[in-house]
Amino acid sequence: VALEPLSGRAHQLRIGMATLGLPLLGDLKYGARRPLPDQSIALHARSLWLPSPVRGTDAVRDRGTDAVRDIDLAAPVPRCDPWDSFAAARSARTSN
């Protein structure tokens, strides 16, 4: 499932999924049946974009332009449970 927040409201994605009757794994606050072994919630940001916090002369600028670079981050899916289970299920579906 890919989710994209519409605002900066706290718990927006967690509440949205719970409202659909699909609480996130480990999210006891919003309806999960049991915790994950490490007490975390199965929510991972694959990518994150933020406007540059620096404006003015100290800003990091794109070469050859006067444009300020924003912050664009990407993170691979963790290699541990429950993420390994998701990867295995996805592989099984795509190989059939």
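Just so it is clear, the model here is predicted, and its values are computed rather than measured. (Residues numbered from 1 in each chain as written. Predicted model: local features only at pLDDT ≥ 70, side-chain atom pairs only at ≥ 80, totals over all residues. Heavy atoms only, no water.)

**Focus on the overall build of the protein**
Thought 1: Looking only at helices and strands, the protein has 2 helices and 2 strands in total.
Thought 2: Moving toward the C terminus, one meets the helices and strands of the protein in the order α-β-β-α.
Thought 3: The 96 residues of the protein split such that 12% are buried.
Thought 4: Taking the intrachain contacts of the protein between residues at least 6 apart in sequence as the baseline, contacts between residues at least 24 apart amount to 26%. (Helix = DSSP H or I, 4+ residues; strand = E, 2+ residues; numbered from the N terminus. Buried < 20%, exposed > 50% of the residue type's maximum accessible area, 1.4 Å probe, protein only. Contact = heavy atoms within 4.5 Å.)

**Describing the side chain of Arg14**
Thought 1: As for its position among the elements, Arg14 is in helix H1 (residues 12-19).
Thought 2: Contacts of Arg14, omitting those with residues within four sequence positions, involve Leu24, Asp27, Lys29, Tyr30, Ile41 and Leu43.

**A few points about the pattern of salt bridges**
Thought 1: Tallied over the full model, the rule gives 1 salt bridge.
Thought 2: Here Asp27 and Arg14 are joined by a salt bridge, their closest N and O atoms 2.6 Å apart. Within this pair, whereas Asp27 is found in the loop between H1 and strand S1 (47-50), its partner Arg14 is found in helix H1, the two being separated by 13 residues in sequence. (Salt bridge = Lys/Arg side-chain N within 4 Å of Asp/Glu carboxyl O.)

**Re the side chain of Asp27**
Thought 1: Residue Asp27 is classed as buried on the basis of its relative accessible area of 1%.
Thought 2: If near-sequence neighbours (up to four positions away) are discounted, Asp27 is found in contact with Arg14, Ala32 and Ile41.

**A closer look at the environment of Asp81**
Thought 1: Looking at the secondary structure, you find Asp81 in the loop between strand S2 (71-74) and helix H2 (83-95).
Thought 2: Once the C-alpha coordinates of Asp81 and Asp38 are considered, the two residues, 43 residues apart in sequence, prove to be 9.4 Å apart.

**Topic: the confidence of the model for the protein**
Thought 1: The share of residues in the protein with pLDDT of 70 or more is 74%, and the mean pLDDT across the chain is 80.
Thought 2: The element-level mean pLDDT for the protein is lowest in H2, coming to 69, with H1 highest at 94. (pLDDT = per-residue confidence, 0-100.)

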